Structures are given as C-alpha cells and as structure tokens.
Amino acid sequence: MWLKPDEILLKNAFKLWVTEEDNKYFVLQRRRGYGEGGGGLTGLLVGTLDTVLDSTSKVAPYRILHHTPDSQVYWSIACGIFCNVFSLDFGSGVTKEEIVQHWDWLQQTIMRTLSVFDSSEDITSFVQGKIRGLIAEEGKTSLVLEEDPEKFREALLRFEKWFELPPKEKLVTYYSCSYWKGKVPCQGWLYLSTNFMCFYSYLLGAEVKLIISWDEIWRLEKTSNVILTESIHVLVHGEDHYFSMLMHLNETFVIMEQLADYSIKRLFDKEAFQREPALSDPLQITKRGLEAHAKSEQFRTFFRLPKEENLLEVHESFLWVPFSHFNTLGKICLSESYLCFASQDGSQCHVIIPMREVINVEKPDSGNRALTVCVRGKRALRFSEVRDYQRLANSIRSRCGISASPQHSASSQVTCFTFYLSCTITLWCVLFVCVWQLKEKMKEQSWNIHFSEYGRGTSMFFTRKTRDLIVRGVPEALRGELWMLFSGAVNDMATHPGYYSDLVEQSLGTSTLATDEIERDLHRSLPEHPAFQSDTGISALRRVLTAYAYRNPKIGYCQAMNILTSVLLLYAKEEEAFWLLVAVCERMLPDYFNRRIIGALVDQAVFEDLIREHLPQLVENMTDLSFFSSVSLSWFLTLFISVLPIESAVNVVDCFFYDGIKAILQLGLAVLDYNMGALISCHDDAEAVTILNKFFDSVTNKDSPLPSTVQQASVGSNDKTSHLNVDISELIREAYEKYGNIRSEEIESSRKRNKLHVIQTLEDTTKQNVIRVVTQEVRFSASHLDGLYNLFKRQHFLCCYWTMKSPALLHHDPSLAYLEQYQLGFQQFSVLFSLLEPWAFCNVKSAVSLWVFRLIDENQDGLVNFKEFCYALDTLYSGSFTNKLKFLFKLHLPPAYSLYVKLTGRGKVDLQAYLKQWQNEILKKEETIKDLPRINQTQFIQFSKTLYNIFHGDPEEESLYRAVAHVTSLLLRMEEVGRRLQEPSSPSESTKPAAADEEEPSTEETATTPESSDTSSSRNSQDAGTDLTEIEWSFSFEQVLASLLNEPTVVRFFERPVDVQTKLGQARVSQLKLKANQ
C-alpha cells in the first residue's frame, strides 16, 4: 500500500533490511526474517521480535524508499502488508504481489518522468505530491464504493473555492494526476464537471490553474511517448495539454469522452441531442448517469433497437445453442421491451427476443439456476447458471404482460416491385432466366436450411454462418424480409401499427421546402429502372419520402434519401420501406441526413484513419488523404448505390444492414486496395477519379436476374476495355477476408474522437466566414476579431450551460446565415459589453447597456449578432471624436432611449424578412450629422449624466467635469438667446400657436411632450396678464459637437487610443467570474 511520505534515517537500518531492487531514485527492501533465506540468526531474531509484538507495533515486511543521488535522506513511500497476521510461518504471513506491482508502476511510469527535472528538490517534491495523490485516489475509490459522500463533498468545496465557477456548475468526478506544463509535470487534481475540465496544482509556492470548457476541445485521445508511457491528450485552440499518471486512466478517459460528447451534442448538434431525453438537464448529470447512458447506447447500437430502449439488467449466463449442441457463455441484456443475448466466447452468436413474442417463462431446475423462455413458433431458449435467475424470471414475466402487436410475417411475400422487374425480361433471355432461377433456388435452399437450424424471424440466432450467407448474396425473394430483420425495422413496424398510414394521410397535400425538393428529385431516382418509369413507383416513392419528412422535420429531406428509398422500395413493401428508411436515418447512419451531414463527415475521417492503418503504401505515395474524403462522400451517403450498378449495389446494402457502417468502410478499403497500383501512379486527382469511376463501372453481379447488357445500361458506358469485370460477391468476400478484423468498438471510438474535430472544423469555418464579412466594416485586425468572436461565442454558451431551455440555445440554428448563428440577448450582451467597452460607463445592470443594445439591434428582434456588436465596439475604440460623440448622442434618442420597448427573441425564421433586411442594408445611405433629430431637455440631462459616468475615475476627472459643466451652461445660454430672438414683440392670439410650432420641432423627432397643442384653450381660461406656458428647449447634434470641440480636455479624452489586446485578455479572465457573481 502507498504511504504518506515520511523521512527516515538509514544509519543502522540496513542491518534489519535487505535490498532486493534499486535504481537511481527508488529502493525496494525486504525485512530480514521474511521470505527466502530467512536471514540466518539475525533474521530469526528480527522475525521472532515482529511476531511477538502486537499488531500496532508490527513492521511491514516490504517497503519502497525514495531518494536522490546527492542526498542522504530517504523517504518511505510504500509497504507490503500482512496477509495473515496469525500465521507463524514468516514466508506465508505476507504478500509480495502488491509491493511488486507498486515497484513496476514506479519503474514504468515515474522513472521516465523524473528525467526532465533539473534539481533533486523538484524530484522529491514531485514524488511526494504524486504519492499523496495516489493515497487520496485510493481513499476516494473505496469511499465511492461505499457511497460515502463526505469525501466528495470535500472535493466539491475545493472545486468551488479554486475555480470560482457559478454555483450551478455540477461536479461529476475528480482524479489525481499530473499536468504537463512545458517539460515539467505538475502534480495535482483533475476535476471533471458538466461544462468544464479543470486542473489545480500547488507545489513549492507555484499555483497552476486550468479551466477548459468541453465545447472548446478539438481533439481528445489517449497517447504515449518516450517520457509519458500513457497519457490523455487534449487539444484546445491549437494548444496541447497532457494529463498523465492517472491510476484509472481508462475510466478517466471514458468519462471525459462522454462529457465532451454530451457538450458537443447539446450545444452544436441539437438534432442528435433531442433524441436523448435522459441527458436533457445539465444540472442532473452524474458519473453513474453517464455510464448508464453509455451502456444503453452501446446496447441499442449492437442489437439495433429503438431509441426508447434502455439497458435495465445484465446477467451473465450460458445459453444452450441447439444447432451446435453446446452451451455458449455470454450476457443476457434486458430492456423495457426486449430480451437479448450476446456470446462472449468468440462464437459471435447473438439473439434478440421481443417481449411481445414471449409466451412463458419456466424454471425447470433450480439446482443449476436455469430458466427457459418460450416464444411463439414453438421455440424455447434455455439459459443456465444465471446467478439471480429468480429476479430475471420475474422481470421477464412482468414485461410480457404487454399485449402483442401485429408482427412482420416472415413467410409472407415481401417484394413490392418484383413484377416490374420481371416485365423487362423478354423472351430472348429465357435461358438466362432459367440459369438465374437455378442460382436463386440454390440460395433460397441454403437460407431455408439456415432458418431450420437457427430459427426465422425476430428470434433468429445471428452467427458467423449468417454473415457468410450474407457475403455470398441474399436471394431476391428474401431480401426485404432480411433487411427488415437485420436493421431492427421489423420491431419498429410491429410496435407502431397504423403509424405509417396515419402519417401519409396527415402529410397529404402539405407544401414545404422539403416537399418541393422531393418533387424535384422524384424522377431522378433510378430513372433507368422500370419500376420508376411509371406513376405507381413514383407515387410510392413520393409517399414514403413525404411521410418521413413529416415525421422528422429536423431532417426533412436530404439529397441521397431518394436514391436509397428507391432501392428499398424494390425489395420491400411501401410501409416496410418507410421503416427501413427510419432505421437508416435515425439509428444506423446517425447525423448523415441533416443540414451539415456531420455523420458522413465523421465517417470520412474514420475512413482516413483506416487508410493510414491498413494501406500504408497508399499513404506514402499520396500524403494528402483529403482527396479520398471528397471522393468517398457519395459512397457513404448512398451506400455505393450512386457509383455501382444497381444489381451490384444491393449486395452492398445486404452487408450494410447486417454489419452497419463497418461493411461500407471495409468495402471502401477493398476498392482502394484493388486499385492501389493505378492510384499510386496518378498525376492528379482528376486521373484518380477517372480510375475509380472506370472500376465501379466494371463491377458486375453474375447472379443478377438481368443480362450483362441490361446491367450496364444503368451506368451508360460501354468503354470497359481498361478494366476486367469484377464480380461484386468476390469484391465483398475479399473485403471481409482482408479487413473483417476491424471491430465495431474501434469504429465507434474513432467516431467519437473524430466528431470533436469535425464539428470544431465546421465551427471554425463559420468563424472565418463571419470574420471575412465583418472585417470589411470595422477597423479591427483579424487577430482581434478572432479574439472578439471567441468571447462572443463563449458568452452565447455561458447562458446555455446551466439551463435546459435557454433562449440563446433555442435560437442557435446552423442552417442560418453565418452571422445569425450566434446571437446574444440583452442579458448576455450587457455582461460582455461591460467587459469590453473602453470607459467603464456601462455596468451589467446599467440602463446605458440597454440603450446601447437597442441602438445596435437594427431589426428590433431582441438579439444582437456579431457584426452589430463589433460595430459598437469599433466606434468606441477606433472611431473619430465626431463618431464617438454621435454614438453617445444617439443613445439618448429613440428607439435606444425609450421606456417601452419590449425585447423579444426571434420566433419562426422568415426568409422573406431576411431578404428584405439585406435589401435595405444594400440601399441604405450613409447617415450624416444633419440627419440626427434634436435632443430634448430630459434626453440632454441624461446625456450629461452619461458623460459624467464616462469621465469618472479618470486622472483628469476634475477638468473633464468642469468642461462638461461649461458646455452645458453655454448651450443653455445659446438656446435662451435663440428663443428670445424668435419671440414676436406683440404676439396675437392667432400667431401664438404658430410661434410655438416654430420654436419646437416635430414631436415625433424629439419625443418631447409639447404644451402648444392646448395653449388656446388654456389662455381662454386665464387672465390676459398670465405668462406664457414654459416651452421646453432642445439642441441639435451640431450645437453639442461644436461646443465640445472647444474643450481640449474632452477631445483628448475621446481620442485616447485603446489597447485592444489588453482589453481582450482582461475580458477572457473576467468572463467566467462575472457570470459566477450574478
């Protein structure tokens, strides 16, 4: 066990201890009288003394000491404990296993790290800190197992104290580790919360504090190098961070990966996040909840189950496999509606049993803890050696009370458009048809034998033999049935009777952007195929696509869906094709068919990783693998349907429905491997594309029902001389033989790793486009705009971190124009503007912040985009004296200076409104100072107060105050003199209203409350000697500007340059603290 480092002196200690292992910094010792040899008389005396002492005085038989070459001081850091304190046999009373494990860990992990230190003091300090962290880690683990919250509460208090995050931030877990700052590691604590990854270390008076939000991470991966045996690498804005020496590195990495994925889905990929209600509340995220969610997600992916299913129970057991006549070891997985089993002995056997199919649960023999599950079709599955078989039986029985729903009939004829296909076969190819029918009969016979051994329908056993049959090709008559079974769509349809027909009825006649795109693409879907050369096939395709767009408006319709659905309709009924489309879009190819095709981009990155791993020769000769990403996009989106002849492509779809994206990746590698030589000799990308296109055109299907001349009609090319024909079955078989060892778990791990990079790349593209637009309007440099954008985006997310339905989060829409994707409401704007404005005249709760917000919110939608925000800052930072003063002047005029402006967020996106807004911006002419309305008495008083607030705290504050007072006095005298000059010498009743109108501008411009409108009636009720009602005064902008220009102190203040970089740095530091103090 690890010990708290304690200094010891070894002057006479070596007589009692024997050194077994040592190196430059550590010594492993055994106490004399223990282990082999016994140590002679000295060992016997020492052993006897240790035996007769009470347990509190016993000395551990093994220990590890730390020292440095230039020091005589040793530190005890670990010891070996007694296994049996009552044994008198010294050799059997202790264990060496644990101390050896500690020694090996020090050798493999710590020794490499210590070489980077320059002084012995630093080495000793690091070792002591690391050992203390390990002790705390072990204590934390035991406390977590006992569910004792005290230790966690202490960690939470330290987390809150050190990082000063908002109180709502939820700490998930924490670990002891080392953080590499430069070439020197800092031993400390890693805290993982819902929105942040934090690290804190304090050694030798040096404090290291790190706060990284999950949404800033570009890459998260496990790495190793010469110094670090194994570490976690985090890439943030081009800066690398390494965390090493974690006792539970794999567990730490998984939690970090889950939190990063959670943040990415919640903040960037909302379409995927809305499918996961279990993680909707960021205040309820826990380590246990994340682990349960990850297990459920893995469970659903493996067994192709609906998104509503969650893993509830797991039982280890044996399953009797009748066709092999032996028991296979595996795990029973139970969800709300399914009982599943997967083997763990390499037999690759798994079975899925819907609860609706279970008719009875029997317990034939309690001796071997067995139970038998009886399903429809006179079949039964026998599980044995189930530890908690009684609980499992009760759970299954309780869930089988649900009434069974109509199920997919395995024996029914499932092809819908087969008669269209057969109509194209003319009498001249009768012989070919006979040969094809013979092959089809042979395939069907193989599958019938398989069904008789392994079962048929929803409770069929999936084994290696099933995959072998898939690779050899599926019979035309069974293709629709097997697609439904392998994809899990059969369960969706069985549990939603009548759903599709209701959707068709509801979507009938609807007109949306999706339906318009569907109509445009209907006749582009396999136009060469007879099934879609008549209204029957086109109408079925229209109904399926429109129904899905109605079901899932977030996806609606995406190009490539029409091609995929066309193929589905060739082999499945219309309703089955709909549910197959649901399975593909929502389970098997997640995030493929959305606005940004994130899923396809992620799998392209996975494909690049596999190319580097399995085709190194190609990588050596083609260093830029982005070419394969652009070429392979259609492969992934259409499952090779768009590049292969349809008769060959359906064999690929067979493999896809069984093995998922793994089958597509394998085939992609096989295609590149087959054309390796030609691709290496290519001179440019165009030549490589030509080679691949010719190869795809040469792929045939010898088992197809169509003759070769008809097969090639779909690709429309007769130039096949450069390629020999390649049979699709042989190509698929080669793909499985060469690359079948790629594990689905590796693909999912690579997906998670690459998804961070893909989404951050898309976000960076958005940023670059925004900066390119804004840089034409402002005087900020590109680096300053980059920093401002990061602050603006972070402020947007700060209001999303701790709420489920943040307005800013709801308004974030990646489909909008780049400038409109991230916008701030007033509360978020006021915080950020108070950090960046140059004169500290706007605090968070200041009314001036509200006026600035109203002024720059040109479309009055209650949201400010980045361009509008930069316009305000650019004016205050770099504008001329006149422009800065004009900005402040306009703050005190409507609509900015108003008490009754309601701030509302954007509702439904109106494209026409956007077009009109852009047109107005194009036609808008530059505003001049003469266009500004006059400022009235109330507004001018507030304007003066704003100037006083701006000048407060300035070294020349007193001079600036006097200057403003002087200008105010001068303007008032000028206004009074002007009013007297305009007054008539002997006003008459008829001219008084007119005179009032001359003195006062339009009420709409000045927002004043004139009293001239009712002067006539008031005068009739007053004596002739009564004075005129006092008339409000007002000033034009030219008057204010001219007066302030005469005050050098004021001009000098406003023309003082602002250090933008310093402002940005201060804002980055204060942004989180300000949020925490709200």
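All figures in this text were calculated on a predicted structure; none of them were measured in a lab. (Residues numbered from 1 in each chain as written. Predicted model: local features only at pLDDT ≥ 70, side-chain atom pairs only at ≥ 80, totals over all residues. Heavy atoms only, no water.)

Student: Could you give an account of helix 11 (residues 464-472), naming the residues involved and the relevant values?
Tutor: For helix 11, the complete set of buried residues consists of Thr466, Arg467, Leu469, Ile470 and Val471. Here helix 11 starts with a cap whose side-chain oxygen sits 3.3 Å from the backbone nitrogen of Lys465, and that cap is Thr463. Looking one or two residues beyond helix 11, the residue adopting positive phi is Gly473, at roughly 115 degrees. (Buried < 20%, exposed > 50% of the residue type's maximum accessible area, 1.4 Å probe, protein only. Helix = DSSP H or I, 4+ residues; strand = E, 2+ residues; numbered from the N terminus. Polar contact = N/O pair within 3.5 Å; in protein donor to acceptor, adjacent residues only side chain to side chain.)

Student: Tell me about the packing of aromatic side chains, residues and numbers included.
Tutor: One pass over the full model with this rule turns up 58 aromatic pairs. Note on Phe302 and Phe303: the rings are 4.8 Å apart at their centroids and 85 degrees apart in plane angle, and the pair reads as edge-to-face. Using a relative accessible area of 44% as the deciding quantity, one classes Phe302 as partly exposed. Ring plane angle 65 degrees and centroid distance 5.2 Å describe the contact between Phe627 and Phe628, whose orientation is recorded as edge-to-face. Both residues of the pair, Phe627 and Phe628, count as buried. Here the aromatic residues Phe152, Phe159, Trp162, Phe163, Tyr174, Trp189, Tyr191 and Tyr200 are joined through ring pairs into a cluster of three or more. The ring of Trp17 carries the charged tip of Arg63 above its face, separated from the ring centre by 4.0 Å. When the ring centre of Tyr571 is taken as origin, the NZ or CZ atom of Arg479, which lies over that ring, is 5.1 Å away. (Phe/Tyr/Trp six-rings, centres within 6.5 Å; stacked < 30°, edge-to-face > 60°. Lys NZ or Arg CZ within 6 Å of the ring centre and 35° of its normal.)

Student: I'd like a description of the nonpolar core, backed by residues and values.
Tutor: Counting residues in hydrophobic clusters, the biggest one holds 141 residues, and the most contacted among them are Phe383, Phe486, Met561, Phe593, Trp635, Phe657 and Leu672. Sorting elements by how many residues they give to this core places helix 18 (residues 574-588) first, with 10 residues. The contacts of Phe383, once residues within four sequence positions are left out, are Ser317, Phe318, Leu319, Ile332, Leu339, Phe341, Arg369, Ala370, Leu371 and Val373. (Core = buried A, V, L, I, M, F, W, Y, C linked by side-chain atoms within 4.5 Å. Contact = heavy atoms within 4.5 Å.)

Student: Tell me about the packing of helix 17 (residues 561-571) against helix 22 (residues 646-659), and please be specific about residues and values.
Tutor: Relative to each other, helix 17 and helix 22 sit at 90 degrees, their axes nearing to 11 Å. Overall, the two elements helix 17 and helix 22 adopt an arrangement that is roughly perpendicular. Residues Val567, Leu568, Leu570 and Tyr571 of helix 17 form the contact with helix 22, whose own contacting residues are Ile646, Val650 and Phe657. Residue classes in the contact of helix 17 with helix 22 are distributed as 7 nonpolar, no polar and no charged. (Axes fitted to C-alpha atoms, helices over the stretch in contact; angles between N-to-C directions. Parallel < 35°, antiparallel > 145°, perpendicular 65-115°, else oblique. Nonpolar A, V, L, I, M, F, W, Y, C, P; charged D, E, K, R; others polar.)

Student: Could you give an account of the pattern of salt bridges, naming the residues involved and the relevant values?
Tutor: The full count for this structure, using the stated rule, is 37 salt bridges. Put simply, Arg30 and Glu20 hold a salt bridge, and the shortest N to O gap is 2.6 Å. Here the residue Arg30 occupies a position in strand 3 (residues 26-31), and Glu20 occupies one in strand 2 (residues 17-22), the gap between them amounting to 10 residues. By relative accessible area, Arg30 is classed as buried at 11%. (Salt bridge = Lys/Arg side-chain N within 4 Å of Asp/Glu carboxyl O.)

Student: Could you give an account of the sheet that holds strand 2, naming the residues involved and the relevant values?
Tutor: If you trace the 5 strands from one edge of the open sheet to the other, you get 1-5-4-3-2, paired in antiparallel fashion. Only two strands of the sheet have a single neighbouring strand rather than two, namely strand 1 (2-8) and strand 2. Between one strand axis and the next, the sheet turns through 30 degrees on average, direction left out of account. When strand 1 meets strand 5 (residues 74-80), the two strands line up antiparallel, connected through 4 bridges. (Pairing = 2+ DSSP bridges.)

Student: Explain the sheet that holds strand 16 (residues 350-354) to me, using residue names and the numbers behind them.
Tutor: Pairing is antiparallel across the open sheet formed by 8 strands, whose spatial order is 17-18-19-13-14-15-16-20. Looking at the sheet topology across the chains shown, the edges are occupied by strand 17 (358-362) and strand 20 (461-462). For strand 18 (residues 371-375) and strand 19 (residues 379-384), the ladder comprises 5 bridges, and the chain directions are antiparallel. Counted as the bridge partner of Leu371 is Phe383 from strand 19.

Student: Outline the side chain of Lys767, listing residues and values.
Tutor: Along the chain, Lys767 turns up in helix 28 (residues 744-774). Looking at Lys767, the relative accessible area reads 9%, which means it is buried. Ignoring anything within four residues of it in the chain, the contact list for Lys767 reads Asp786, Tyr789 and Asn790.

Student: So what about the confidence of the model for the protein? Which residues, and what values?
Tutor: When pLDDT is averaged across the protein, the result is 79; 77% of the residues are at 70 or more. Looking over the protein, one finds the lowest element-wise mean pLDDT in helix 9 (residues 418-423), namely 31, and the highest in helix 23 (residues 661-674), namely 95. This model gives residues 44-58 a pLDDT under 50, and the stretch forms 16 contacts once residues within four places in sequence are excluded. Within the model, pLDDT remains below 50 along residues 141-147, and this stretch shows 4 contacts once partners closer than five positions in the same chain are excluded. (pLDDT = per-residue confidence, 0-100.)

Student: Mind laying out the pairing of strand 8 (residues 196-203), listing which residues take part and the relevant values?
Tutor: Summarising burial for strand 8: 6 of the 8 residues are buried, a large majority. Note: strand 7 (residues 184-193) against strand 8, 4 bridges, orientation antiparallel. Opposite Trp189, over in strand 8, you have Tyr200 as the bridge partner. Between strand 7 and the antiparallel strand that follows it, strand 8, lie 2 residues.

Student: Could you give me a rundown of the side chain of Arg854, with the residues and numbers involved?
Tutor: Note that Arg854 resides in helix 32 (residues 847-856). No salt bridge is formed by the buried Arg854; the nearest opposite charge belongs to Asp857, separated by 8.4 Å. A polar contact of 3.3 Å, which involves the side chain of Arg854, links it to the backbone oxygen of Ala896. (Lys, Arg positive; Asp, Glu negative; His and termini not counted.)

Student: Could you give me a rundown of helix 5 (residues 249-267), with the residues and numbers involved?
Tutor: When the terminal C-alpha atoms of helix 5 are compared, their 27 Å separation across 19 residues agrees well with the 27 Å that a helix rising 1.5 Å per residue should span. Among the 19 residues in helix 5, 16 count as buried, and that is most of the element. (Expected span 1.5 Å × (residues − 1).)

Student: A description of the environment of Asn693 should follow, citing residues and the corresponding values.
Tutor: Inspection of the secondary structure assignment puts Asn693 in helix 25 (residues 685-698). Through-space distance from the C-alpha of Asn693 to that of Leu644 is 9.0 Å; in sequence the pair is 49 residues apart.

Student: Account for the packing of helix 19 (residues 598-614) against helix 23, with residues named and values stated.
Tutor: It is at 10 Å that the axes of helix 19 and helix 23 come closest, and there the two elements cross at 50 degrees. The angle between helix 19 and helix 23 falls in the class oblique. At the point where helix 19 passes helix 23, the crossing takes the right-handed sense. Touching Asp603, Val606, Phe607, Leu610, Ile611 and His614 of helix 19 are Ile661, Leu665, Gly668, Leu669 and Leu672, all from helix 23. The residue inventory of the contact of helix 19 with helix 23, partitioned by class, reads 8 nonpolar, 2 polar and 1 charged. (Left-handed = near helix turned anticlockwise from the far one by under 90°.)

Student: Got a sec to walk through unusual backbone geometry? Specific residues and values, please.
Tutor: Glycine aside, the phi torsion of most residues is negative, and most peptide linkages are trans. Each neighbour pair has its own omega, and for Pro894 with Pro895 the value is 5 degrees, a cis peptide bond. Note that Pro895 resides in the loop between helix 34 (881-891) and helix 35 (911-923). Positive phi is not limited to glycine here, since Ile597 has a value of about 40 degrees. Mapped onto the fold, Ile597 is located in the loop between helix 18 and helix 19.

Student: I'd like a rundown of the state of the cysteines, residues and numbers included.
Tutor: Covalent bonding between the sulfur atoms of two cysteines is what defines a disulfide. For the structure on display, the rule yields 0 disulfides. The thiol of Cys340 is not disulfide-bonded; the next cysteine sulfur, from Cys333, is found 6.7 Å away. (Disulfide = S-S within 2.5 Å.)

Student: Please provide a residue-by-residue account of the environment of Ser783, values included.
Tutor: With respect to the secondary-structure elements, Ser783 resides in helix 29 (residues 782-798). When its relative accessible area of 49% is taken as the criterion, Ser783 is described as partly exposed. Each C-alpha atom, one on Ser783 and one on Ile771, is 9.7 Å from the other, the two residues being 12 residues apart in sequence. A polar contact is formed between the side chain of Ser783 and the side chain of Ser781, at a distance of 3.2 Å.

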